[in-house]
Amino acid sequence: MTFSPAAIARIAPFALFMLLLALRGALPADAGFDPRWVYGITVAAVGGLLWHFRRQYGELARQTWPQAREWALAIGTGLAVFLLWIQLDAPWMQLGEPSAAFVPLNAAGGLDWPLIVVRWIGAALLVPVMEELFWRSYLMRWLARPQFEAVDPARVGVKAIVLSTFVFMLAHTLWLAAIVAGLAYALLYVRTGKLWVPVIAHAVTNGVLGIWVVATGQWQFW
């Protein structure tokens, strides 16, 4: 199978993100390097790759910026997904063993603010762009037709929405929460035709979640 430049531009940042996170989990405890900072390296590397491919992302061009009503829809959806996400964590709602939590505490048990800031920037600003480009702009439309750039989001069909959401679910431990989030972001893209709308919703969910986690110490959600 060959991939077009547009496909590579959407797959490569996501693939690099997953590869570097796997590397973090593989580092031995005595590596002489705090593995939590791999996330910072990941943010810088993936951000650089997104910038490199920026001309390929026509769906994020200036003319696709949301209108006021779409902003409200995105923010409202993002907040609703956040509220549901922190409730859908019962054992039967989890897929496999819970992943290791990102705990940004220093040796004295206090908050390590540099780690927190880097984690929040990655989760709230970089991940929404990277994931929506991959899951919705690429995979969901590719499932409708391999020449995905020609696919109008409003015409992707139920099959593509369901299948892309199912794969999105497999990438998350909280499978039921992931289904809710995946469907919500997909339907925003289908309804508005603008990728910025699910990106903003995703950013609101992740941004508010990060603030809530730091405020409550519920690190398992991070």
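Each remark here, short or long, concerns the structure printed above.
Computed from a predicted model, the values in this text were never measured in an experiment.

Caption draft 1: Just the overall build of the chain, in detail. Helix and strand counts for the chain stand at 7 helices and 0 strands. Burial analysis of the chain (222 residues in total) assigns 45% to the buried set. Across the chain, contacts joining residues at least 24 apart in sequence account for 76% of those joining residues at least 6 apart.

Caption draft 2: Seen up close, the nonpolar core. Core analysis: the biggest nonpolar cluster contains 63 residues, and L50, W85, M130, M140 and W222 have the highest contact counts within it. Sorting elements by how many residues they give to this core places helix α4 (residues 113-144) first, with 13 residues. Beyond its immediate stretch of four places on either side in the chain, W222 contacts F102, P104, I116, R119, W120, A123, G210, V213 and V214.

Caption draft 3: Quick peek at the environment of P91. Mapping P91 onto the fold places it in the loop between α3 (68-85) and α4. Once the C-alpha coordinates of P91 and A177 are considered, the two residues, 86 residues apart in sequence, prove to be 12 Å apart.

Caption draft 4: Structural context of the pattern of salt bridges. Scanning the entire structure with this criterion turns up 5 salt bridges. Residues E59 and R10 are paired through a salt bridge, measuring 2.8 Å at the closest nitrogen-oxygen approach. Separated by 49 residues along the polypeptide, E59 in the loop between α2 (38-52) and α3 and R10 in helix α1 (residues 5-26) bring together distant segments of the chain. Neither E59 nor R10 differs from the other in exposure class; each is buried. Connected through salt bridges with shared partners, the residues R10, E59 and R141 form a single ionic network.

Caption draft 5: How the structure looks around a nonpolar patch on the surface. On the surface, a nonpolar cluster with roughly 650 Å² of combined accessible area is contributed by L111, W113, V117, W120, I121, L125 and I211. Among the elements that make up the nonpolar patch, the one with the highest residue count is α4 (5 residues). Following the sequence through the fold, L125 ends up in helix α4.

Caption draft 6: View of the packing of α3 against helix α7 (residues 196-216). Remark: α3 packs on α7, axes separated minimally by 7 Å, with the N-to-C direction vectors making an angle of 40°. In terms of orientation, α3 lies oblique with respect to α7. Between α3 and α7 lies a crossing of right-handed hand. Contacts from E70, W71, A74, I75, T77, G78, L79, V81, F82 and W85 of α3 reach α7 at V197, I200, A201, V204, T205, V208, L209 and W212. Its residues assigned to classes, the contact of α3 with α7 shows 14 nonpolar, 3 polar and 1 charged.

Caption draft 7: Summary view of the packing of aromatic side chains. Applying the stated criterion across every chain, the model contains 15 aromatic pairs. With a centroid separation of 6.3 Å and an interplanar angle of 80°, the aromatic rings of F17 and Y39 are classed as edge-to-face. One end of the pair, F17, is in helix α1; the other, Y39, is in helix α2, with 22 residues separating them in the sequence. Both residues of the pair, F17 and Y39, belong to the buried class. Pairwise contacts between aromatic rings join F14, F134, W135, Y138, W142, F148 and F168 into one cluster. One residue, R54, lies across the ring of W51, its end atom 4.0 Å from the ring centre. Sitting over the ring of F168, R136 keeps its end group 4.8 Å from the ring centre.

Caption draft 8: Representation of the side chain of T165 in the model. Topologically, T165 is positioned in helix α5 (residues 157-170). Setting aside its immediate chain neighbours within four residues, T165 contacts I179, G182 and L183.

Caption draft 9: Representation of helix α6 (residues 175-192) in the model. Between its first and last C-alpha atoms α6 spans 26 Å; for 18 residues at 1.5 Å apiece the expected length is 26 Å, and the two agree. When α6 is considered as a whole, its buried residues turn out to be A177, A178, A181, G182, A184, Y185, A186, L188, Y189, V190 and T192. On the buried face of α6, the contacting elements are α3, α4, α5 and α7. Backbone geometry just downstream of α6 places G193 in the positive-phi region, at approximately 75°.

Caption draft 10: Local environment of the packing of α2 against α4. Orientation of α2 relative to α4, taken along the N-to-C sense of each, is 40°, at an axis distance of 10 Å. Taken together, the axes of α2 and α4 lie oblique to each other. The two elements α2 and α4 cross, and the hand of that crossing is left-handed. Contact residues: α2 offers Y39, G40, V43, V46, G47 and L50, while α4 offers V118, R119, G122, A123, L126, V127, V129, M130 and L133. Of the residues contributing to the contact of α2 with α4, the split by class is 11 nonpolar, 3 polar and 1 charged.

Cut-offs and rules
- Residues numbered from 1 in each chain as written.
- Predicted model: local features only at pLDDT ≥ 70, side-chain atom pairs only at ≥ 80, totals over all residues.
- Heavy atoms only, no water.
- Helix = DSSP H or I, 4+ residues; strand = E, 2+ residues; numbered from the N terminus.
- Buried < 20%, exposed > 50% of the residue type's maximum accessible area, 1.4 Å probe, protein only.
- Contact = heavy atoms within 4.5 Å.
- Core = buried A, V, L, I, M, F, W, Y, C linked by side-chain atoms within 4.5 Å.
- Salt bridge = Lys/Arg side-chain N within 4 Å of Asp/Glu carboxyl O.
- Patch = residues over 30% accessible without salt bridge, like charges linked within 9 Å, V, L, I, M, F, W, Y side chains within 5 Å.
- Areas by Shrake-Rupley, 256 points an atom, 1.4 Å probe, with all protein chains shown as cover.
- Axes fitted to C-alpha atoms, helices over the stretch in contact; angles between N-to-C directions.
- Parallel < 35°, antiparallel > 145°, perpendicular 65-115°, else oblique.
- Left-handed = near helix turned anticlockwise from the far one by under 90°.
- Nonpolar A, V, L, I, M, F, W, Y, C, P; charged D, E, K, R; others polar.
- Phe/Tyr/Trp six-rings, centres within 6.5 Å; stacked < 30°, edge-to-face > 60°.
- Lys NZ or Arg CZ within 6 Å of the ring centre and 35° of its normal.
- Expected span 1.5 Å × (residues − 1).

Such coordinate-based values are descriptive only and should not be taken to indicate function.
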